[in-house]
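So the chains spell out like this:
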Amino acid sequence: MIAVFLKGSKVKVLAVTAAMIALIAAADWYVGNRASLGVLYILPMMLGATVLAPWQTVALALICSALRSYFDIAGSPPIEIFLRFIFASLSYAGSGLFVTALIRNRELEEQVKILVDSSPAAILTTDGAGTVLAANHAAQALFLIPGSETLKGRNIGRYVPLLGDALTLAGRPEGFRTAAQCQGRRNNGEIFLAHLWFSSYLTPEGARLAAIVVDASEEMRDREEQGLRQLLTGNRIAAAAVSHEVRNLCSAISLLCANIRTKHGLTQDEDLQGLTTLVQGLERIASWELQSKVNDSLEEIALQEVLDDLRIVIEPNWSEINGSVVWQLPPTMPVVLAERQGLLQAFLNLAQNSHRAVEGCPVRELRISVSIDERTAKVRFQDTGPGIAEPTRLFAPFQPGADGSGLGLYVSRAVVRSYGGELRFEPEDGGACFRVEIPIV
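Residues numbered from 1 in each chain as written. Predicted model: local features only at pLDDT ≥ 70, side-chain atom pairs only at ≥ 80, totals over all residues. Heavy atoms only, no water.

Thoughts on the nonpolar core
A general feature of soluble globular proteins is that nonpolar side chains tend to end up buried together. By size, the foremost hydrophobic cluster in this structure holds 39 residues, and its most contacted members are Leu303, Leu310, Ile314, Leu343, Phe347 and Val379. Of the residues forming this core, the biggest block, eight residues, is contributed by helix H11 (residues 340-358). Contact partners of leucine 343, with chain neighbours within four places excluded, come to Ile301, Leu303, Val306, Val336, Ala338, Tyr419 and Ile438. Formed by 23 residues, the second largest nonpolar core is a distinct cluster that contains Leu124, Ala139, Leu151 and Val160. (Core = buried A, V, L, I, M, F, W, Y, C linked by side-chain atoms within 4.5 Å. Buried < 20%, exposed > 50% of the residue type's maximum accessible area, 1.4 Å probe, protein only. Helix = DSSP H or I, 4+ residues; strand = E, 2+ residues; numbered from the N terminus. Contact = heavy atoms within 4.5 Å.)

Some points on the sheet that holds strand E4 (residues 191-203)
Spatially, the five strands line up as an open sheet ordered E2-E1-E5-E4-E3, and their pairing is antiparallel. Each edge of the open sheet is held by one strand with a lone partner, namely strand E2 (132-135) and strand E3 (177-185). Across the sheet, the mean angle from the axis of one strand to that of its neighbour is 30°, orientation sign disregarded. Relative to strand E5 (residues 206-215), E4 runs antiparallel, the two sharing ten bridges. Within E5, the residue paired with leucine 202 across the bridge is alanine 207. (Pairing = 2+ DSSP bridges. Axes fitted to C-alpha atoms, helices over the stretch in contact; angles between N-to-C directions.)

Quick notes on the packing of aromatic side chains
Going through the model one piece at a time under the given rule, you end up with four aromatic pairs. The interplanar angle of 45° and the centroid separation of 5.4 Å between the aromatic rings of phenylalanine 347 and phenylalanine 381 together place this pair among those described as tilted. In this pair, phenylalanine 347 is assigned in helix H11 and phenylalanine 381 in strand E10 (residues 376-383), connecting sequence segments 34 residues apart. Judged by its relative accessible area of 0%, phenylalanine 347 falls in the buried class. Relative accessible area serves as the criterion here: at 1%, phenylalanine 381 is assigned to the buried category. Linked through ring pairs, Phe143, Tyr159 and Phe192 together constitute an aromatic cluster. (Phe/Tyr/Trp six-rings, centres within 6.5 Å; stacked < 30°, edge-to-face > 60°.)

Topic: the packing of H11 against helix H12 (residues 408-418)
Helices that pack against each other are described as a pair by the angle of their axes relative to one another and the distance between those axes. Where H11 meets H12, the closest approach of the two axes is 9 Å, and the angle between their N-to-C directions is 150°. Crossing angle aside, the handedness with which H11 passes H12 is left-handed. Contacts between H11 and H12 involve Gly342, Ala346, Asn349, Leu350 and Asn353 from the former and Gly408, Leu409, Ser412, Val415 and Val416 from the latter. A class-by-class count of the residues in the contact of H11 with H12 yields five nonpolar, five polar and no charged. (Left-handed = near helix turned anticlockwise from the far one by under 90°. Nonpolar A, V, L, I, M, F, W, Y, C, P; charged D, E, K, R; others polar.)

Here you go:
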């Protein structure tokens with residue numbers, strides 16, 4: 001606070017410093033060689049250093065040394081005057097720079113304290129026994145410590161057991177730095193999901209632990225709810241695929257029954273009529289099919305954000321196979337009408353198919369490009385794989401020989417269609433190319 005006040009009154013401080021130097025120089029001239037008052041110059045040096053830059057402090061030290069040499073030791077041999085000037089300059093400059101360092105350290109401490117106190121994350125330090133030595137306001141709020149009490153002096157193992165266990169490693173000379181996710185407990189017994197970043201360090205008093213704690217419960221709830229919605233959507237689409245195939249089988253059986261009835265004259269055969277009735281009932285049960293209309297959960301989303309998420313997910317996998325993902329994106333990306341997670345899953349399925357296709361190829365590359373027209377954004381996925389042997393059966397469910405269930409492309413196209421878009425295969429001379437069309441808001 002003193003440094004802040006002094007800096008706010010810089011002109012006043014400099015005026016007082018100059019007055020003190022002038023007063024000491026006059027006294028030094030009056031006393032002459034009878035007594036040395038050179039040590040008094042340290043006082044204005046220390047005062048001036050509170051508002052001066054380091055180079056200015058050194059310049060002030062030279063001025064004070066010159067005045068001391070002129071008034072205090074006049075008439076002495078030149079070599080003595082020179083040596084005293086050098087030693088006085090070092091002494092004055094050292095005292096001034098020492099004050100400057102103290103002021104700056106104090107300012108840094110205050111800035112760090114303000115940063116910690118204003119942080120939305122809980123920040124705390126403990127000793128080797130787990131006793132909290134310091135904690136900010138966010139830590140008080142996170143652990144629901146009553147306003148009249150403080151977290152300081154309590155054992156952190158009661159609130160975050162993982163930190164208590166980590167203290168067993170805190171005494172290692174090299175220390176450690178790590179992140180973790182675990183359960184935390186508030187003062188009232190409520191449990192929450194905690195994200196931790198913590199490190200240990202050694203002091204003359206023993207091991208210390210510094211930690212940042214964040215409540216991730218809301219993030220977990222959102223993630224789980226989103227996962228449930230995706231699961232329900234995936235189940236709905238998978239059921240639609242099964243229903244579609246069952247309907248095809250029912251239609252074929254009905255046609256065979258009609259042919260048998262006509263060919264063998266079994267119009268009145270009760271068993272054949274019963275089989276026809278069962279097939280018709282099964283067809284009615286399987287008549288539910290995924291609708292292509294736009295889903296009620298659609299929202300306006302930035303296509304760039306979805307592609308950024310895709311980049312984070314897929315690029316490490318391509319790096320592992322010494323492959324590359326080439327992005328060809330326009331300077332301005334549109335806002336599209338879709339559902340963020342579903343669209344990301346569709347993109348991810350296409351990228352993973354390409355990843356599997358190019359693993360055995362000499363050139364491993366996936367090119368993702370975006371083109372825009374008045375109504376739609378077209379996202380192309382083109383790889384350097386061997387291509388598609390039977391394009392006509394690409395989007396049929398339950399593909400034989402597929403790595404998974406054989407529903408990937410079928411489900412991806414159904415998801416995109418539910419947004420009012422389309423997923424198409426584009427024939428190319430080499431590799432495979434798929435185009436995802438999404439309506440622009």
